[in-house]
Amino acid sequence: MEGRVALSDLEDAVERSVVADEHDKDIERVLISEREIQDKLKELGEQITRDYAGPPPLLIGVLKGAFVMMADLSRHIRLPLEVDFMAVASYGAATKTSGVVRILKDLDHDLEGRDVLLIEDIVDSGLTLNYLLKNLRGRRPASLEVCALLKKTGIQRVHLDVKYVGFEIPPEFVVGYGLDFSENFRNLPYVGLLRPEAYRDL
Ligand code: IMP
Ligand code: MG
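In this report, we go over the structure that sits alongside the text. (Residues numbered from 1 in each chain as written. Chains lettered and ligands numbered in written order. Predicted model: local features only at pLDDT ≥ 70, side-chain atom pairs only at ≥ 80, totals over all residues. Heavy atoms only, no water.)

Considering the overall build of the chain
Step number 1: Scanning the chain for helices and strands turns up five helices and nine strands.
Step number 2: The N-to-C order of helical and strand elements in the chain reads α-β-α-β-α-β-β-β-α-β-β-β-β-α.
Step number 3: Within the chain, the proportion of its 202 residues that are buried is 45%.
Step number 4: When contacts within the chain are restricted to residue pairs at least 6 apart in sequence, those whose partners lie at least 24 apart make up 65%.
Step number 5: If you sum the accessible surface of the chain, you get close to 10700 Å²; carbon and sulfur atoms cover 51% of it. (Helix = DSSP H or I, 4+ residues; strand = E, 2+ residues; numbered from the N terminus. Buried < 20%, exposed > 50% of the residue type's maximum accessible area, 1.4 Å probe, protein only. Contact = heavy atoms within 4.5 Å. Areas by Shrake-Rupley, 256 points an atom, 1.4 Å probe, with all protein chains shown as cover.)

Take a look at the structure:
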């Protein structure tokens, strides 16, 4: 058992330090490895399975960032469920959230009376999520909770109850596992920090 733990720790260490092919040459450091993400999603999936044993929940993924997490997390939930997606864009400058969100693609489902679980990639200022929750609450779901893979520590500008959080991370810009910089890096299987040069080049 000990040997196995040691081996997987070693694999994580290797993954963190060796990030060098064409695909991810712009990544300075792996912050959360593929295996850490998958282990966490399994854990969250088990928790959600226990919490939603009643009527089939509706999972809502916030596009585009949540598309990877939605696929992985939903397969760890051992219950009948339905999925839907919303695409949103924040008004204002590219690097700062204004808190006013434009809905680019709305839901196909009616939320009234449903147990809704909103799947988000990351909670940064929290303004996007705050706006979304208000909007969705107005559609009278039976319940509404949030599952976010990442939450930046200490920088939320509004109070939010995020019931399921994968990882608390420092308030730095991260990419991978659905998260982009200028639409790139969404397909990396881990969450990483960009090299400063990458900001300048793109
Ligand atoms: P918020 O409204 O400030 O919480 O930002 C929410 C959205 O901004 C997220 O859903 C992401 O699309 C994007 N975002 C925030 N922080 C990051 C980051 O570190 N990397 C990539 N996208 C981010
Ligand atoms: Mg983005």
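Right, picking up where we left off after that structure.
Concerning the pattern of salt bridges
Step number 1: Inspection of every chain in the model, using the stated rule, returns 15 salt bridges.
Step number 2: A salt bridge links Lys40 to Glu43; its shortest N-O distance comes to 3.8 Å. One end of the pair is Lys40 and the other is Glu43, both in helix H2 (residues 34-51) and three residues apart, which spans about a single turn.
Step number 3: Given a relative accessible area of 45%, Glu43 falls into the partly exposed group.
Step number 4: Its salt-bridge partner being Lys42, residue Glu46 comes within 3.1 Å of it at the nearest N-O pair. With Glu46 and Lys42 both in helix H2, this residue pair falls four residues apart, about one helical turn.
Step number 5: One network of salt bridges, in which partners are shared, links Lys64, Asp180, Glu183 and Arg186. (Salt bridge = Lys/Arg side-chain N within 4 Å of Asp/Glu carboxyl O.)

A look at the nonpolar core
Step number 1: Leu73, Ile119, Cys147, Leu149, Leu150 and Val174 are the most contacted members of the largest nonpolar core, which totals 28 residues.
Step number 2: When residues of this core are traced back to their parent elements, those giving at least two are strand S1 (27-32), H2, helix H3 (67-74), strand S5 (115-123), strand S6 (143-152), strand S7 (164-169) and strand S9 (191-194).
Step number 3: Counting 20 residues, the second largest nonpolar core, distinct from the first, contains Val88, Val101, Val116 and Val146. (Core = buried A, V, L, I, M, F, W, Y, C linked by side-chain atoms within 4.5 Å.)

Observations concerning the sheet that holds strand S4 (residues 101-105)
Step number 1: Taken in spatial order, the six strands of this open sheet run S4-S3-S2-S5-S6-S7, and their pairing is mixed. Single-partner strands in this sheet number two, and they are S4 and S7. Here the average twist between neighbouring strands, direction ignored, is 30°.
Step number 2: Pairing of strand S2 (residues 58-63) with strand S3 (residues 82-90) involves six bridges; the strand directions are parallel. Paired with Leu58 across the strands is Glu82, a residue of S3.
Step number 3: The strands touched by H3 within the sheet are S2, S3, S5 and S6, with S2 carrying the most contacts at an inclination of about 155°. (Pairing = 2+ DSSP bridges. Axes fitted to C-alpha atoms, helices over the stretch in contact; angles between N-to-C directions.)

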